[in-house]
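Spelled out, the chains give:
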Amino acid sequence: MAELLFVPFKKSSDVDIVKPLKNLIQSTYNSGENTEDYTDALNELSRLRTNAVWKVFEKTSLDTIYSYYDQLVALESKIPPQEVQIPFKWKDAFDKGSIFGGRMSLTISSLEYERMCILFNIAAMQSMIAAQEPLDTEDSLKLAAKYFQQSAGIFVYLKANIMMAVHQETTPDLNPETLDALAKLMLAQAQEVIAHKCIRDEMKESMVAKVCAQCEELYVDALRAMLKENPKSLWEKDWIPNVQAKQMAFRGLAQYYQSLVCRANKAVGEEIARLQFAVDQLKGAQSRLSPSYLQEQASKAARNLQEAMKDNDFIYHERIPDLKQLELISKAAIAKPLPPQEKWGSGGKDLFAGLVPLAVHHAAAASSARRAELVSAEVAKLRDATQLLNSILASLNLPACIESCDEEGSLPESIRSKARAVRDAGGLHELQRLMAELPDLLQRNKDILDEAERMLREEAEADAALRQQFGARWTRTPSAALTEAFRANADKYRQIIDNAVRADNIVQQKYQQHKDNIALLSGSEGDITAGVPSAPAAGPADTRALSTLRGLMEEVERLKAERDSIECSLKDASVDLRAQFLAALSADGAIDEPALSAAALGRALGPLQAQLAASLAAQDDLVARIQKAHGSLESGGGGAGGRDAVLGRLAAAYDAFQDLTGNLREGVKFYNDLTQLLVAFQNKVSDFCFARKTEKEELLKDLTQEASRPATRPAPSPPQHHTDAVAEPSVVKKEAPPRPPPPAAAQPAALPYPSQPQGMPLPYGAPAAPYPYYAPVPAMYNPYATLPYPHHARMPQQQYQPYQYPPPQQPYQAPPPGYNPYPQQ
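Values in this document were obtained by computation on a predicted structure and should not be read as measured data. (Residues numbered from 1 in each chain as written. Predicted model: local features only at pLDDT ≥ 70, side-chain atom pairs only at ≥ 80, totals over all residues. Heavy atoms only, no water.)

S.K.: Whenever I open this one, the side chain of N242 confuses me. Can you help?
M.R.: On the secondary structure map, N242 appears in helix 10 (residues 239–264). Within the structure, the side chain of N242 is placed 3.4 Å from the backbone oxygen of E3, a separation counted as a polar contact. (Helix = DSSP H or I, 4+ residues; strand = E, 2+ residues; numbered from the N terminus. Polar contact = N/O pair within 3.5 Å; in protein donor to acceptor, adjacent residues only side chain to side chain.)

Here it is in structure tokens:
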């Protein structure tokens, strides 16, 4: 077999993948309940990449590339691809971009681009292993055919998907036309290996002819693709002659084996026609590759041709048909492109098995958000109802008015217990401490967001300036198209901060409204007693109404306790649907998150929602009975006048203290959580800007190198004698130009100039026969000093004797015939 061709490898450069991927995984997956550290897995992934990129020339490197590719595929499905900010730089495999105008390298921040380049190297490695197989055993033939078919399938896949992964001009090796040519070349070589296996196994001649005919057609397709304008300049100088020779060889082999079928069928004329063509094609292939290439088949074809012609001349006397009139040989397409496998490696664990697929993660996040929204709505209903109940009770001075009627001159027990609770919680000082934290936390978040927006703005300004400077040559994607998601998220974060500022103002207003009464509750019991007016003289109280109100207040406390229990149950209700989402993704390839979440949340929260509805209905009835009993108390002269108003304000201040404490703690937690989100956002922006900076520097380097190369000038027109030689290659001897007219005196003999090489014009008319010797001519006289002298034999050279001119006083006489002004000595 002749030498099989293999594809060169793409080359990359080292890049830090640990830090950006760690930031991305933390910002995407890590939450309060999931804080798994993937540093070791990322370090192992970085080691795999180093081996896959730099050890491609070792025998075991195919398994190494397989391992890295499998990890890339697994990771690519588990992280947001548009948020990967790693500047992957890959050079052109054929490394001729600077000469032929393409890009020598391309840097893109995309895992998909990295996967495509690794896949290219897998195909290149498979082609190299297949081309280096000895092909002298059954296993080696099968392995070579398998690898060539897999390589062809990979190039077909790359051709269909590379532009969707890159979205810009690629390096020449990843151009779809180049990938198409490589796919067809690999497939033709796979069919070639199968054809040689058929010949080696001595299969039926008709089958071998069909396999060889298909191989010849595949090489025709490959040659046509390789000669296209874009990829033509990439190939090594021997690739196209090799493919042309293979095309001729398998065209000849197909005709040779079909001639054997004709011999068996006694079709001598057709046999001779096919053998004549086969012998010509096989000789042409041998002249381009090696005289020993297919020597056995070529010798047999020539011998069979002689025998067939002899038999036809003496026995059959059949007419030899024109080859174009013969039936075409059927083709057997055995080799086919094998699509890339989902998993190339035979073993090895998934480094990121703890990360669910991105679709499942998004579905789980949407389900969690749906649950949080539903729980928040139900809790808001409870709190609004409780707040409404407290406001109604405060407007009726309950339960303070009942205690005022019971305990004249002393503080009611409810006020004393509320004061103790306020003091135990830190009182007014604790509120002031929490409120003092909010401005610092707010400013910190604003600074982080401002810094992220500044980096995005400066990157966009730098890109715009370079785009204006280089114009159409600045081919990378505009920043506005890449930062749309970043800017949208920044606007969302800015809106969230603005909403938080408004919430802070509401809390501040509430604090100012109840500040004095909270300060009174924060003091000692004596201070509170001094601040509460004394009870007026007791009047006839409606004992029955007081008793009813006391019972109703106990129902109020039971209702509040029940609501606290419902609220805790709502917050604790959790729904883990990841298993169902994984099952749905595996079974259907998609996840119907709304339907699955609605069903699961209905089962988990349905009973609690029923309890909440019952509690709201019970409150309406309870409030009606409280208002009726309080009216009876007031009509009977109960209550304590101004004292009741003060006690009511203290009760309202206690409720405000509880609300403010909860609101401020939630605010502090909110700002701290927002800080983590903003830091993750800033890290993503920083990684993006670093990747864009690397890409910018690479493109600037390419443009600078392009500008430093001298402009290509058109080739000068060839001399006329070169043009004549090309136009008339069959002319062996050209006629000399006409001799100039002789002087009036006798014609002197022709000067003994040496004969010129064929195609070179003679300065004067030269005789047809060359001179065996010539006298050396002074160099200063040579009209073609830059042209080499012809290699003729020369006489031994003597010192040059200058020509002695005759005295000027004598009249000029023509020299006699045969006179030589340069005497030979």
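Back to the text.
S.K.: I keep staring at helix 13 (residues 358–395) and nothing clicks. Help me out?
M.R.: Each turn of an α-helix holds 3.6 residues, which means side chains three or four residues apart point in the same direction. Relative to the 56 Å expected for 38 residues at 1.5 Å per residue, helix 13 spans 54 Å between its end C-alpha atoms, a close match to the ideal helical length. Within two residues after helix 13, N397 carries a phi angle of roughly 55°, on the positive side. (Expected span 1.5 Å × (residues − 1).)

S.K.: What's the story with the packing of helix 13 against helix 21 (residues 578–588) in this structure? I'm lost.
M.R.: Each packed pair of helices is defined by two parameters, the angle between the axes and the distance between the axes. Where helix 13 meets helix 21, the axes come as close as 10 Å, and the angle between the chain directions of the two elements is 140°. In terms of axis orientation, helix 13 runs oblique to helix 21. Classified by chirality, the crossing of helix 21 by helix 13 is right-handed. Where helix 13 abuts helix 21, its residues A359, V360, A363, A364 and S367 lie against R578, F581, L582 and L585. Its residues assigned to classes, the contact of helix 13 with helix 21 comprises 7 nonpolar, 1 polar and 1 charged. (Axes fitted to C-alpha atoms, helices over the stretch in contact; angles between N-to-C directions. Parallel < 35°, antiparallel > 145°, perpendicular 65-115°, else oblique. Left-handed = near helix turned anticlockwise from the far one by under 90°. Contact = heavy atoms within 4.5 Å. Nonpolar A, V, L, I, M, F, W, Y, C, P; charged D, E, K, R; others polar.)

S.K.: Even after reading the chapter, I still don't get the UniProt feature "coiled-coil region" (unreviewed entry) in the protein chain, so can you show me in this structure?
M.R.: The residues that UniProt annotates with the feature "coiled-coil region" (unreviewed entry) are residues 431–469 and 549–576. Helix makes up 100% of residues 431–469 and strand 0%, and the two end C-alpha atoms of the span are 58 Å apart. Regarding residues 549–576, the helix share stands at 86% and the strand share at 0%, and the terminal C-alpha atoms are separated by 46 Å. (UniProt positions renumbered as here; feature names shortened; annotations may be inferred.)

S.K.: Would you take a moment to explain unusual backbone geometry for this structure?
M.R.: It is generally the case that most residues other than glycine have a negative phi and that most peptide bonds are trans. Despite not being glycine, L135 has its phi angle at roughly 60°, a positive value. Mapped onto the elements, L135 comes out in the loop between helix 5 (111–132) and helix 6 (138–166). Judged by its relative accessible area of 14%, L135 is buried. Within the chain, H167 stands out as a residue other than glycine whose phi angle is a positive 60°. Assignment of secondary structure puts H167 in the loop between helix 6 and helix 7 (176–200). (Buried < 20%, exposed > 50% of the residue type's maximum accessible area, 1.4 Å probe, protein only.)

S.K.: Where do I start with the nonpolar core in this structure?
M.R.: For soluble globular proteins, nonpolar side chains are generally found buried alongside one another. In terms of nonpolar packing, the biggest core is built from 130 residues, with F155 and F352 touching the most fellow members. The biggest single contributor to this core is helix 5, with 15 residues. Here this core gathers at least three residues from each of two domains, domain 1 (1–196) and domain 2 (362–447 + 493–677). (Core = buried A, V, L, I, M, F, W, Y, C linked by side-chain atoms within 4.5 Å. Domains from an automatic or database assignment.)

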